[in-house]
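Architecture and fold: a report
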Amino acid sequence: RASLLCVLPDAIGRFCLRCREGGIAMWRRRHQDLRRCLASACPLLLPAGPGASAVGSAGAATSLLKASAYHHRADASCTVALVAGLGLAAAAGTAYRLRCPGEPAPIEADKAVAMSNWSGTHTATASRVYSPETQSELEKLVRWADRTGQKIRPIGTGLSPNGLALESRGMLSMAQLDGVVKVDTQRQTITVRAGTRVSVILEELQKHGLTLENFSSITEQQIGGWTQTSAHGTGARIPTVDEMITELTLVTPGRGTLKLNATGPDAELFRWARVGMGTLGVVSEVTLKCIPKFMLHERTYCTTEADLRSNHARLLQTYRHVRYMWVPYTDTIVVVVSDVAAPGASAKAGMPEAERLKPLQGLLRELDPKCGSLEGDNFAQLREKVLVLDPLNAAHVARVNKAEAEFWRRSEGERIGDSTAILGFECGGSQWVLENCFPCGTIDKPSLADIDYVAEIKGIIEREGIAAASPIEQRWTSRSTSPMSPAYSPRAEDIFSWVGVIMYITDEARAPAIKDKFRDYAMRHADLTFKYGGAFHWAKVDLDFHRGRGRMEDLRFHLRKRFDVSGFLELRKSLDPHNIFGNRLTDEALKA
């Protein structure tokens, strides 16, 4: 059964209770938003047919809806007329038809599933989780969800720090839609189902002497979500990962199953669909361009801001991959650069790990003499053990950062290895994170806005006493031609910097306090992002960092400046007319 209750505005508050299988969910709405909530945000309510009659007065509507709920059989349909003297639907003579979820789903769903992202920072209990195993099942599920209004927000491995894929009203797991379809060694492409993990793709390509041009530090993402959010590695001459896609299959409610590529009749739609945050349709298959596998020669060293300003342009122009790690409360910047290894090259060895770890081990033993044996603990584990002693105390965090800076000075050196081994790195434990992306000139003429930005956010941290653990991580990409990529630009020579700030969730007891402190930190980062004309990584933008008077509208204003949001919303409306794929994050951030 399904239930519907609409309570008209009164002196106390405004409510809309949505009809859906498995229970009722409630949202407060201002009276002026109630019509929009019912007409569009609630996908089960559609304009009624010509024969429907509108209730002509608030009194009649109140009589109609006086009961606490309307109960009806799941295969029934009913016309609900709404009225208000405050600009609501019936005042305009509009009625709505409720489409009840009468027909059974084509596949069974797991019910009341507790879901979490990788860091545990965002959770939801999904009323339904559907797991299609074939393309046919997926297509039938999408058609059924569109007819019934059932939410099926696509989810991969849940690595997005902002919980981008979570939706309590219903989700669609891509886990079973995985596997390599084919590898074309002549064209240097690989075709995979969208649920395939990046690590699996890299392993398969190794067998054929191929690899991906670039990838993130973590490779357990599913390829669908990885590309839909325009994820990135680093390298000012290398674009975001969506640019690797040469073809994709998109399953939509509005236009059915679409096979898209850069040269076909829907080439423009192809570019939009590469970065759709899972809201345009379900990407079920992608073909990626590959390159011959290669060895990288990596060098790690420490420098200062003054020296970096002198050498920054040369580093971006010379090396294939460049990454900086700024250490707050110190003058240390860790530079990690790599390029294709020359034949016969040898790496200059650094200190043994036992020597490198001594600064952190020493600090931990000083602050916690009863810490016990530290045998076998790596850098990330030691850092977490020291931070947990007082993670919200800026003075304590500064001491940890100074020990980490010494660790990195002892880690200066080189290594040579396969690109898949060199480009992946330890990200540390569970953490809050916010990463932005902003323009910083061209590859021939970097603007140094990237250096200015981190110097400015680091200054804010140190002036305001923010307990900001190391590092502030900085990476680069070239432009993307996908209109919704944070690195989108019509100019091929443009480059973009990506800056991420973090706060480690060291223990469960202090997790709420850490969240509150990070929110303040993230707000500073967000405000500075707008100052530099930037946007946020789609897997990391978080509505919680934009709470407060005017902040949400400020976010929307800057997103509209950076992206063609109107064009994207029109496309969403045509491909997903009843919004079965959106969630609060995508709907609120990209509201017209």
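Anything mentioned here points back to the structure above.
We now turn to the structure provided with this report.

Rules used throughout
- Residues numbered from 1 in each chain as written.
- Predicted model: local features only at pLDDT ≥ 70, side-chain atom pairs only at ≥ 80, totals over all residues.
- Heavy atoms only, no water.
- Pairing = 2+ DSSP bridges.
- Helix = DSSP H or I, 4+ residues; strand = E, 2+ residues; numbered from the N terminus.
- Axes fitted to C-alpha atoms, helices over the stretch in contact; angles between N-to-C directions.
- Core = buried A, V, L, I, M, F, W, Y, C linked by side-chain atoms within 4.5 Å.
- Buried < 20%, exposed > 50% of the residue type's maximum accessible area, 1.4 Å probe, protein only.
- Contact = heavy atoms within 4.5 Å.
- Salt bridge = Lys/Arg side-chain N within 4 Å of Asp/Glu carboxyl O.
- Lys, Arg positive; Asp, Glu negative; His and termini not counted.
- Polar contact = N/O pair within 3.5 Å; in protein donor to acceptor, adjacent residues only side chain to side chain.
- Parallel < 35°, antiparallel > 145°, perpendicular 65-115°, else oblique.
- Nonpolar A, V, L, I, M, F, W, Y, C, P; charged D, E, K, R; others polar.
- Expected span 1.5 Å × (residues − 1).

**Thoughts on the sheet that holds strand β9 (residues 123–130)**
With respect to topology, 4 strands assemble into an open sheet ordered β8-β9-β11-β10, the strand pairing being mixed. Both outer strands of the open sheet, β8 (109–116) and β10 (153–155), are each paired with one neighbouring strand and no more. Within this sheet the neighbouring strands show an average axis-to-axis angle of 45°, counted without direction. With 3 bridges connecting them, β10 and strand β11 (residues 171–173) associate as parallel partners. Residue pairing across strands places proline 154 opposite leucine 172, the latter belonging to β11.

**Topic: the nonpolar core**
Among the nonpolar cores identified, the biggest contains 112 residues, and Leu212 and Tyr324 are the most heavily contacted of them. The next biggest cluster of nonpolar side chains, apart from the first, holds 26 residues, and it includes Val336, Leu374, Leu387 and Val433.

**Brief notes about the pairing of strand β16 (residues 256–261)**
Across 6 bridges, strand β15 (residues 245–252) lies against β16 in antiparallel orientation. Within β16, the residue paired with glutamate 247 across the bridge is asparagine 261. Count of turn residues in the β15/β16 antiparallel hairpin: 3 residues.

**Examining the sheet that holds strand β25 (residues 494–504)**
One open sheet holds the 8 strands; their spatial order is β22-β19-β21-β20-β24-β25-β23-β26, and the pairing between them is antiparallel. Strands with a single pairing partner mark the edges of an open sheet, and in this sheet they are β22 (413–418) and β26 (535–536). Summarising the sheet, strand β20 (residues 321–326) and strand β24 (residues 472–478) pair through 3 bridges and their orientation is antiparallel. Following the sheet pairing, methionine 325 is matched in β24 by glutamate 473. The sheet contacts of helix α7 (residues 305–318) involve β19 (295–303), β20, β21 (333–340), β24 and β25, and relative to β20 the element is tilted by about 160°. Sheet contacts for helix α13 (residues 449–464): β20, β23 (431–442), β24 and β25; angle to β24, the most-contacted strand, approximately 160°.

**What to know about the pattern of salt bridges**
The full count for this structure, using the stated rule, is 33 salt bridges. When the shortest N-O distance is used, the salt bridge between glutamate 243 and arginine 274 registers 3.0 Å. A residue pair is termed long-range when its members are at least 10 positions apart, and glutamate 243 in the loop between α5 (223–228) and β15 and arginine 274 in helix α6 (residues 267–274) qualify at 31 residues. Take glutamate 243: its relative accessible area is 15%, and that puts it in the buried class. The exposure class assigned to arginine 274 is buried, which follows from its relative accessible area of 4%. Within the structure, one salt-bridge network assembled from shared partners comprises Glu355, Lys358, Glu406, Arg409 and Arg410.

**Considering the side chain of arginine 153**
Mapped onto the fold, arginine 153 is located in strand β10. Of the side chains bearing the opposite charge, glutamate 167 lies closest to the buried arginine 153, which forms no salt bridge; the N-O distance is 6.6 Å. Reaching out from arginine 153, the side chain makes a polar contact with the backbone oxygen of leucine 164 at a distance of 3.1 Å. Separated by 3.3 Å, the side chain of arginine 153 and the backbone oxygen of glycine 278 make a polar contact.

**Some points on the packing of helix α9 (residues 358–367) against helix α11 (residues 394–410)**
Between α9 and α11, whose axes approach to 7 Å, the crossing angle comes to 150°. Taken as axis vectors, α9 and α11 run roughly antiparallel relative to one another. Note on element contacts: α11 touches α9 through His396, Arg399, Val400, Ala403, Glu404, Glu406, Phe407 and Arg410, opposite Lys358, Pro359, Leu360, Leu363, Glu366 and Leu367. Among the residues forming the contact of α9 with α11, the class breakdown is 7 nonpolar, 1 polar and 6 charged.

**Quick look at helix α3 (residues 135–148)**
Look at α3: 20 Å from first C-alpha to last across 14 residues, which is about the 20 Å you get at 1.5 Å a residue. Three or more residues of α3 are buried, namely Leu138, Leu141, Val142, Trp144, Ala145, Asp146 and Thr148. Following α3 by one or two positions, glycine 149 adopts a phi angle in the positive range, close to 85°.

**So, the side chain of asparagine 436**
Relative to the helices and strands, asparagine 436 is located in strand β23. Of note is the side chain of asparagine 436, whose polar atom sits 3.0 Å from the side chain of tyrosine 453. Within the local environment of asparagine 436, its side chain forms a polar contact with the side chain of threonine 529, the two groups lying 2.8 Å apart. Apart from residues no more than four positions distant in its own chain, asparagine 436 is found in contact with Tyr453, Ser497, Trp498, Val499, His525, Thr529, Ala535, Phe536 and His537.

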